[in-house]
Amino acid sequence: MDSGQRLINGGDWNNGANAGLFSLNVNNSSANANTNIGGRLANDKRQKVAAQVAAIQRASFGVVVLTMMSKINRAPRPVVEKSANVVAPDHCKYTMPKTVGALWGKVIEFENLYTAFQKARKGKRYRPDVMRFASNLEENLVNLQNHLIWKSWAPGVQREFTVYEPKMRMIQAPPFIDRVVHHALNNVVEPIFERRFIADSFACREGKGTQKAVFRVQHFLRVARRGWGDGVYVLKADISKYFASIQHDILMAEVGRAISDPDVLWLWRNIIGGYGHSNGFGLPVGALSSQLSANIMLNRLDHIAKDDMGHRFYARYMDDFVAVLPDKPSAQAAMLALGQAVNCMGLALNPKTAIHPWQRGVDFCGYRIWPTHILPRKRNIKRARRSFGRMAQQYLDGDIDEAHVHQRVASFLAYTKHCSSRRTVDGVLGDLVLRRPAAPT
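Residues numbered from 1 in each chain as written. Predicted model: local features only at pLDDT ≥ 70, side-chain atom pairs only at ≥ 80, totals over all residues. Heavy atoms only, no water.

Q: Help me out: how do you make sense of the overall build of the protein chain in this one?
A: A tally of helices and strands in the protein chain yields 17 helices and 9 strands. The 441 residues of the protein chain split such that 41% are buried. Put simply, of all contacts in the protein chain between residues at least 6 apart along the chain, 70% involve residues at least 24 apart. When the accessible surface of the protein chain is split by element, carbon and sulfur atoms take 52% of a total near 24,800 Å². (Helix = DSSP H or I, 4+ residues; strand = E, 2+ residues; numbered from the N terminus. Buried < 20%, exposed > 50% of the residue type's maximum accessible area, 1.4 Å probe, protein only. Contact = heavy atoms within 4.5 Å. Areas by Shrake-Rupley, 256 points an atom, 1.4 Å probe, with all protein chains shown as cover.)

Shown next, in the form of structure tokens:
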């Protein structure tokens, strides 16, 4: 059998003194897998190519070989004709970029589980359930890893409680070991979605937050006024009962646009289906994975507003979003189009959704925003007055100490320092009078 025929079988570059581009090892069999220099494909497509290269090598010098290889490896690029009439995609047919697979090994990796444990215990180190888990940490993490590997993990029993500020909500807090799983999943998948989120989505993202959302909307108002004049209108909207209305199938379809790993999708579906939401609707409000899932769900709306509809002055904080438009007809059209996009996702706009001229200000993320200044929200100030009144009575009764009062006051000052509120702060704190409880006689 000649050397050209042996090239058909495959083999590798020679690893001797003459190894390189011009010294093909035509004497080795296809099983010889020397990978120090490189390997050559031995498929049907390249059989004739390999024989041609060997023949040219024997007949001429390296320049001819290089020329031949360049012709072989450079396939002609397809010609793409640009159309003048570009039709925007339908709002209900939004597609995301290429999916990512092979993530499960990263999720169940021991180092990732340990990092997840460290994140889950942050600020909760001395709680009984955290201390119990940490007392036998390595065994617990290995046990959790085995449950994930064998797909025997299931959500535990959640702790439910109600919060009344800023409005009444039922919170489902997962057990600590479940929070470790949520962090382990989040560590791997969050960077994938972070690249797909728009810059003007501010909820539950590193480097974002309410303050940056408020300043961004104020910037929108300033630029819009400067460009469009005083006829600017604002669309202020939010989703009605957002977390409770999310449909699991629609959410998983959105997740599947970016992730194709079946094991990761299995774990994600188990998490959103647990904690009392096995009927296919709703997300547990107290779970870390719910924050990312909620952002993924409305990322579709963000791209519709920014990319398809071209709304430059659009910002979102979780289920609240704002768009600044040049005039009233544009604002009405935007409200109708975005409402239809929300309906495509199985959701609905809150009846309080409205458009109004910029002169009224924008009520967003706890503040009232104008191009020239920012004020605290009136109901937040009223709530602070009531809270400080109760706190003064609790201090008088001896139920709380000064450290508790200092924490509440510091929180209030942190909220008001980002806006024009000096007179308001003086009035609220001026009414807070602490009297020490009477000493027993």
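Q: Hey, could you run me through the layout of surface pockets in this one?
A: One way to see where empty space is left: roll a probe the size of a water molecule over the atoms. Approximately 600 Å³ is the volume attributed to the second largest pocket. The wall of the second largest pocket is formed by 23 residues, among which Lys 119, His 183, Asn 186, Glu 190 and Leu 288 lie closest to the centre. Broken down by secondary-structure element, the contributors of at least two residues to the lining of the second largest pocket are helix H5 (110–120), helix H8 (176–194) and helix H13 (288–308). It is H8 that contributes the most residues to the lining of the second largest pocket, 8 residues altogether. Residues belonging to the lining of the second largest pocket are distributed by class as follows: 8 nonpolar, 7 polar and 8 charged. (1 Å grid on protein atoms, 1.4 Å probe; cavity = no way out; pocket = protein on both sides within 12 Å on 5 of 7 lines; lining within 4 Å. Points joined across faces, edges and corners; volume = space filled by probe spheres on them. Nonpolar A, V, L, I, M, F, W, Y, C, P; charged D, E, K, R; others polar.)

Q: Sorry if this is basic, but what is going on with the sheet that holds strand E5 (residues 320–325) here?
A: Judged by pairing direction, the sheet is antiparallel, and its 4 strands sit side by side in the order E4-E5-E3-E6 without closing on themselves. Both outer strands of the open sheet, strand E4 (314–317) and strand E6 (354–357), are each paired with one neighbouring strand and no more. Put simply, the sheet's adjacent strands are angled 20° from each other on average, direction ignored. With 6 bridges connecting them, strand E3 (residues 233–238) and E5 associate as antiparallel partners. Note that in E5 the partner of Ala 237 across the bridge is Phe 321. Packed onto the sheet, H13 meets E4 and E5 and runs at close to 170° relative to E4. (Pairing = 2+ DSSP bridges. Axes fitted to C-alpha atoms, helices over the stretch in contact; angles between N-to-C directions.)

Q: Explain the packing of aromatic side chains to me, please; I cannot follow it from the model alone.
A: For any two aromatic rings, the description comes down to two numbers: the centre-to-centre distance and the angle of the planes. Under the counting rule described, the total for this entry stands at 12 aromatic pairs. Ring pairs connect the aromatic residues Tyr 114, Phe 117, Phe 133 and Phe 176, which therefore count as one cluster. One Lys or Arg, Lys 151, reaches over the ring of Trp 266 and ends 5.8 Å from the middle of that ring. (Phe/Tyr/Trp six-rings, centres within 6.5 Å; stacked < 30°, edge-to-face > 60°. Lys NZ or Arg CZ within 6 Å of the ring centre and 35° of its normal.)

Q: What is the right way to look at unusual backbone geometry in this model?
A: With glycine set apart, most residues show a phi of negative sign, and most peptide bonds adopt trans. Not every positive phi belongs to a glycine, and Ala 102 is a case in point at roughly 55°. You can see Ala 102 is positioned in the loop between helix H3 (62–73) and helix H4 (104–107). The class of Ala 102 is exposed, set by a relative accessible area of 71%.

Q: Looking at this structure, how should I read the nonpolar core?
A: Soluble, globular proteins show a tendency: their nonpolar side chains are buried together. In this structure, Phe 193, Tyr 242 and Trp 268 are the most contacted members of the largest nonpolar core, which totals 67 residues. Ranked by residues supplied to this core, first place goes to H8 with 9 residues. With residues near it in sequence (within four places) discarded, Trp 268 still touches Leu 185, Val 189, Phe 193, Met 252, Val 255, Ile 259, Leu 292, Ser 293 and Ile 296. Counting residues in hydrophobic clusters, the runner-up holds 23 residues, among them Val 214, Leu 221, Val 234 and Ile 369. (Core = buried A, V, L, I, M, F, W, Y, C linked by side-chain atoms within 4.5 Å.)

Q: Is there a simple way to explain the packing of helix H6 (residues 128–135) against helix H7 (residues 137–149) in this structure?
A: Any two packed helices are characterised by how steeply their axes cross, that is the angle between the axes, and by the distance between the axes. Running from N to C, H6 and H7 cross one another at 90°; their axes reach a closest spacing of 5 Å. Put simply, H6 runs roughly perpendicular to H7. Residues Arg 132, Phe 133, Ala 134 and Ser 135 of H6 form the contact with H7, whose participating residues are Leu 137, Asn 140 and Leu 141. Tallied by class, the residues present in the contact of H6 with H7 amount to 4 nonpolar, 2 polar and 1 charged. (Parallel < 35°, antiparallel > 145°, perpendicular 65-115°, else oblique.)

In short, shape yes, function no, at least from these values alone.
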